[in-house]
Amino acid sequence: MSDMDPTRGTGEMRPGAAADVEACVAVWVAACAARDGRAVDGVAERARPKFDAAVVWLVVDGSDGSDGIDGFVLATRPGSGLTGDPADAAVLGLLATRPGAQSRGLGRSLLRAATRELAARGHERVVLHALLDDVGAVRLYESEGWTAAGVPFEHSLLERPVQRFERVL
């Protein structure tokens with residue numbers, strides 16, 4: 001399943017498991033704090049329940065030999081996103097890389113692997129929601145064929161503009 005380049009210092013990609021939840025939540029919290037310049041209360045609590053609804057969950061083990069992970073991606077079933085999301089679209093709800101593992105192409109590899117896996121499971125469309133001021137993430141999604149859809153709205157926790165992106169698989 002791995003399309004990781006071993007020369008780029010990343011670990012192997014594998015399906016996520018119950019034992020990975022807290023490590024993934026820790027990566028999510030750290031990545032959000034790095035993106036936002038500060039930790040925000042409620043980020044972990046909003047992320048944790050999504051793991052119970054995963055239809056695709058992939059992790060990349062730490063490349064430094066540690067017990068942690070370098071990144072993960074998680075998608076949930078159609079209808080599990082926000083009001084206004086297409087009813088038939090799976091939801092790519094979490095994608096994060098550990099701050100020390102960023103800028104190595106890991107996010108792109110996880111995104112590609114998740115979309116391949118969703119397509120292989122019969123999903124025809126997928127959505128995600130991105131903060132518009134997260135320019136790197138928006139650039140990544142657009143470069144991978146995701147298109148902005150609908151009107152931007154305010155993130156309920158962060159109070160910053162969010163855009164829905166969609167992709168036909």
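The text that follows walks through the structure, step by step, so that each part is easy to find. A quick note: this is a predicted structure, and the numbers were derived from the prediction, not measured.

**Examining the sheet that holds strand β7 (residues 161–168)**
Line of reasoning, step 1. One open sheet accounts for seven strands, arranged β1-β2-β3-β4-β5-β7-β6; its pairing is mixed. Looking at strand neighbours, the two that pair on one side only are β1 (13–15) and β6 (147–154), the edges of this open sheet. Across the sheet, the axes of successive neighbouring strands diverge by a mean angle of 25°, strand direction being ignored.
Line of reasoning, step 2. By the bridge criterion, six bridges tie strand β3 (residues 69–76) to strand β4 (residues 90–97) in an arrangement that is antiparallel. Across the sheet, Thr76 pairs through a bridge with Val91, a residue of β4.
Line of reasoning, step 3. This element, helix α3 (residues 106–120), spans β1, β2 (54–61), β3, β4, β5 (125–131) and β7 of the sheet and lies at about 155° to β4.

**Some remarks on empty space enclosed by the protein**
Line of reasoning, step 1. Counting across every chain of the model gives one cavity of 30 Å³ or more.
Line of reasoning, step 2. Each pocket or cavity is described by its volume, and for the largest cavity that value is around 30 Å³.
Line of reasoning, step 3. In this structure, the largest cavity is lined by Val29, Cys32, Ala33, Asp36, Arg38, Ala39, Val40 and Val43.
Line of reasoning, step 4. The leading source of residues in the lining of the largest cavity is helix α1 (residues 21–36), at four residues.

**Notes on the environment of Gly122**
Line of reasoning, step 1. Examined against the element boundaries, Gly122 turns out to sit in the loop between α3 and β5.
Line of reasoning, step 2. Overall, Gly122 belongs to the exposed group, its relative accessible area being 53%.
Line of reasoning, step 3. As for Gly122 and His155, which are separated by 33 residues in sequence, their C-alpha atoms are 30 Å apart.

**Digging into the layout of surface pockets**
Line of reasoning, step 1. As a volume, the largest pocket reaches approximately 1300 Å³.
Line of reasoning, step 2. Lining the largest pocket are 46 residues, and of these Trp28, Arg35, Leu95, His129 and Tyr141 lie nearest its centre.
Line of reasoning, step 3. Elements with a contribution of two residues or more to the lining of the largest pocket: α1, α2 (43–47), β4, α3, β5, α4 (135–143) and β6.
Line of reasoning, step 4. Of all the elements, β4 adds the most residues to the lining of the largest pocket, at seven residues.
Line of reasoning, step 5. Residues that form the lining of the largest pocket fall into these classes: 26 nonpolar, 13 polar and seven charged.

Quick notes on the rules
- Residues numbered from 1 in each chain as written.
- Predicted model: local features only at pLDDT ≥ 70, side-chain atom pairs only at ≥ 80, totals over all residues.
- Heavy atoms only, no water.
- Pairing = 2+ DSSP bridges.
- Helix = DSSP H or I, 4+ residues; strand = E, 2+ residues; numbered from the N terminus.
- Axes fitted to C-alpha atoms, helices over the stretch in contact; angles between N-to-C directions.
- Contact = heavy atoms within 4.5 Å.
- 1 Å grid on protein atoms, 1.4 Å probe; cavity = no way out; pocket = protein on both sides within 12 Å on 5 of 7 lines; lining within 4 Å.
- Points joined across faces, edges and corners; volume = space filled by probe spheres on them.
- Buried < 20%, exposed > 50% of the residue type's maximum accessible area, 1.4 Å probe, protein only.
- Nonpolar A, V, L, I, M, F, W, Y, C, P; charged D, E, K, R; others polar.

Everything listed here is a matter of geometry and, on its own, says nothing about what the molecule does.
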